[in-house]
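Here is how the chains run, residue by residue.
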Amino acid sequence: MRLSETKPWEISSKERALFTIIVMVGAFMAILDTTVVDVIVPKLTGPLATDMYGVQWIITSYMVSAAIGLLVCEYLIKRFGSKAIYLSGVAAFSLASLACGLSNTLESIIVARVVQGIAEALIMVTSHVMIFSYFPPEKKGLAMGIFALGVSFAPALGPTVGGYLTEYYNWRMVFFINVPIGIILVIAGLLYLPKERLFQKLPFNFISFFFLSVATIALLIMLSRGQQLGWFNSIEIGVLLFVAIIGYLLYALSELHSRHTLIDFSLFKNPDFRNGIFIYFFVLGFSMYQYFYLLPVYYEHIKMLPTLDTGIAVFAFALFIGIFSPVAGILSDKIGAKVTVAMATFLYLLTSLLFLPHLNYYTPLTQAILLTIPFGIAMGLFFAPVTVLVMKSAGEAKAELSIVLMDYVRFVGGSFGTALATNNMEYFKSLNFDRMVEVQNYEYVSYFLRKIQELLNLSWEVVKEIFRNYELFMSYNYGFYNTFMHAAYWAVLGSVFVVLLFIEGRNNEKEDSTAAM
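Parameters and conventions
Residues numbered from 1 in each chain as written. Predicted model: local features only at pLDDT ≥ 70, side-chain atom pairs only at ≥ 80, totals over all residues. Heavy atoms only, no water. Phe/Tyr/Trp six-rings, centres within 6.5 Å; stacked < 30°, edge-to-face > 60°. Buried < 20%, exposed > 50% of the residue type's maximum accessible area, 1.4 Å probe, protein only. Lys NZ or Arg CZ within 6 Å of the ring centre and 35° of its normal. Helix = DSSP H or I, 4+ residues; strand = E, 2+ residues; numbered from the N terminus. Expected span 1.5 Å × (residues − 1). Bend = angle between axes of the 7 residues up to and from the residue. Patch = residues over 30% accessible without salt bridge, like charges linked within 9 Å, V, L, I, M, F, W, Y side chains within 5 Å. Areas by Shrake-Rupley, 256 points an atom, 1.4 Å probe, with all protein chains shown as cover. Salt bridge = Lys/Arg side-chain N within 4 Å of Asp/Glu carboxyl O. 1 Å grid on protein atoms, 1.4 Å probe; cavity = no way out; pocket = protein on both sides within 12 Å on 5 of 7 lines; lining within 4 Å. Points joined across faces, edges and corners; volume = space filled by probe spheres on them. Nonpolar A, V, L, I, M, F, W, Y, C, P; charged D, E, K, R; others polar.

## Some remarks on the packing of aromatic side chains
1) Next: Per the counting criterion, the structure on display carries 35 aromatic pairs.
2) Next: Residues phenylalanine 204 and phenylalanine 209 carry aromatic rings whose centres are separated by 5.5 Å and whose planes lie at 55° to one another, so their mutual orientation is tilted.
3) Next: Given a relative accessible area of 17%, phenylalanine 204 falls into the buried group.
4) Next: Given a relative accessible area of 19%, phenylalanine 209 falls into the buried group.
5) Next: Between the aromatic rings of tyrosine 361 and tyrosine 362, the centroid separation amounts to 5.3 Å while the plane-to-plane angle is 75°, which identifies the pairing as edge-to-face.
6) Next: Residue class for tyrosine 362 comes out exposed when judged on its relative accessible area of 51%.
7) Next: Taken together, the ring pairs in this structure connect Tyr289, Tyr291, Phe292, Tyr298, Tyr299, Phe317, Tyr348, Phe375, Tyr476, Phe480 and Phe484 into an aromatic cluster.
8) Next: Its guanidinium or amino end placed over the ring of phenylalanine 80, arginine 79 lies 5.1 Å from that ring's centre, counting from NZ or CZ.
9) Next: Here the guanidinium or amino end of arginine 450 rests over the ring plane of tryptophan 460, the centre of that ring lying 3.7 Å away.

## Focus: helix α11 (residues 307-335)
1) Next: Taking 1.5 Å as the rise per residue, α11 with 29 residues should run 42 Å; its terminal C-alpha atoms sit 41 Å apart, in good agreement.
2) Next: Largest kink in α11: about 35°, centred on alanine 316.

## A word on a nonpolar patch on the surface
1) Next: A cluster of nonpolar side chains, namely Ile235, Val239, Phe242, Val243, Ile245, Ile246, Leu249, Leu250, Leu253 and Leu256, defines an oily patch on the protein surface of about 950 Å² accessible area.
2) Next: Relative to the helices and strands, isoleucine 245 resides in helix α9 (residues 235-256).
3) Next: By relative accessible area, which is 45% here, isoleucine 245 ends up partly exposed.

## Re empty space enclosed by the protein
1) Next: Within this structure, the stated rule accounts for one cavity of 30 Å³ or more.
2) Next: Computed from the structure, the largest cavity encloses a volume of approximately 50 Å³.
3) Next: Lining the largest cavity are Val151, Ser152, Leu284, Tyr289, Phe292, Met379, Phe382, Phe383 and Arg410.
4) Next: Counting only elements with at least two residues in the lining of the largest cavity, the list comes to α5 (140-168), α10 (271-302) and α13 (365-394).
5) Next: Of the residues that constitute the lining of the largest cavity, the class distribution is seven nonpolar, one polar and one charged.

Structure follows, in structure tokens:
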């Protein structure tokens with residue numbers, strides 16, 4: 001084992017820019033693919049000869065495999081180096097994308113998506129580590145601001161790109177477009193990315209990995225299929241929950257009795273790390289991911305925009321995510337990560353509680369777009385300071401593990417967020433429908449519908465069906481208010497940990513000063 005003589009950030013500005021571009025494009029490509037594919041999935045029922053429940057596995061298989069891939073990233077990076085794992089991930093992602101584009105059956109595309117998911121995990125963790133290492137300590141915030149372009153901006157851009165490709169080409173282009181990009185990145189990475197000389201032969205806890213993998217798979221599938229199967233009215237959901245609980249318990253027992261643990265939970269003793277992870281879990285996963293899911297649905301199903309126009313409407317707030325991500329990084333370096341994340345959370349609470357719940361069918365499109373811009377600004381300001389906070393508190397030796405844990409809680413929290421959004425939407429849609437029926441004057445409604453029947457010369461059954469569809473649409477419309485508000489409540493919970501950042505930080509400062517005396 002030979003130690004490197006220089007620090008990773010002791011490079012020229014041109015080298016830093018080149019390395020960052022090579023790594024950033026890979027991360028952008030991987031995470032963009034997640035939401036791009038979400039757009040095309042409903043259109044795959046015909047080409048793949050399946051139904052909506054079948055194509056849902058295209059998303060579920062990717063999500064599950066990516067979460068499992070995260071668990072081996074720290075070991076692989078320390079054993080083989082970030083560069084090797086990053087380029088392997090890009091190569092595997094590109095080949096799997098080619099296989100997805102060539103697929104004609106549901107089974108073949110699911111297998112390719114599993115490989116894609118694992119590769120995405122390798123790309124995201126290694127790119128995160130590499131970009132963080134290329135910048136000196138006083139510019140770590142800027143590094144994470146740049147990285148946030150991939151993590152925050154790319155998912156919001158997905159509906160636009162997916163809408164465009166499916167509108168003017170076909171669904172296969174969503175996958176084929178990754179192939180030439182991947183080839184260029186692998187060649188550029190082999191030629192230009194710096195070589196690493198420090199590797200560690202670490203033991204790997206396969207037993208803990210197995211139990212945690214089983215628990216994660218069961219949990220994510222349960223969250224993905226819960227709405228479809230009626231949650232706990234389904235035996236399958238009950239079994240999945242039982243497997244998840246047992247898996248996590250066995251994992252905990254394995255870790256307690258292992259000499260070499262899979263995850264070093266001593267990191268959570270640091271209040272900055274602990275609170276940063278919980279902020280990420282609740283504010284990003286449980287809350288922001290709900291809006292990521294709900295806003296395209298709102299534009300497409302309530303404002304009734306075509307897929308491409310929906311993507312353009314979403315791009316409005318995505319643009320501000322991209323603009324303010326580097327700004328957040330610079331602010332983290334200048335005024336501190338804690339203050340920056342507090343600013344971002346405050347703006348996000350303001351937006352989610354006061355602005356977004358007012359989006360409905362009657363909101364003019366321009367006004368709706370303007371109301372989402374503060375959401376984009378808040379998201380842009382959010383990611384970089386939280387990441388800097390978590391990674392600095394973990395220390396250089398645990399940088400890979402801190403990123404793995406952040407991405408893991410992003411997957412799990414985001415899955416909870418999406419499940420909550422779909423469940424709440426259906427619940428409040430039904431609730432509003434029942435309330436509308438309760439307050440109706442039956443005689444007046446019948447009189448009104450008879451007049452419509454005479455005017456349009458339609459059958460009574462057709463008129464009743466038209467009115468029922470109108471009631472369903474308006475209950476769906478009003479249901480968005482309740483769903484948006486419930487998404488905001490999770491951010492309120494997450495803001496508790498923002499407050500704890502300052503309280504516990506102040507207590508630690510007092511303890512340190514007392515110990516010094």
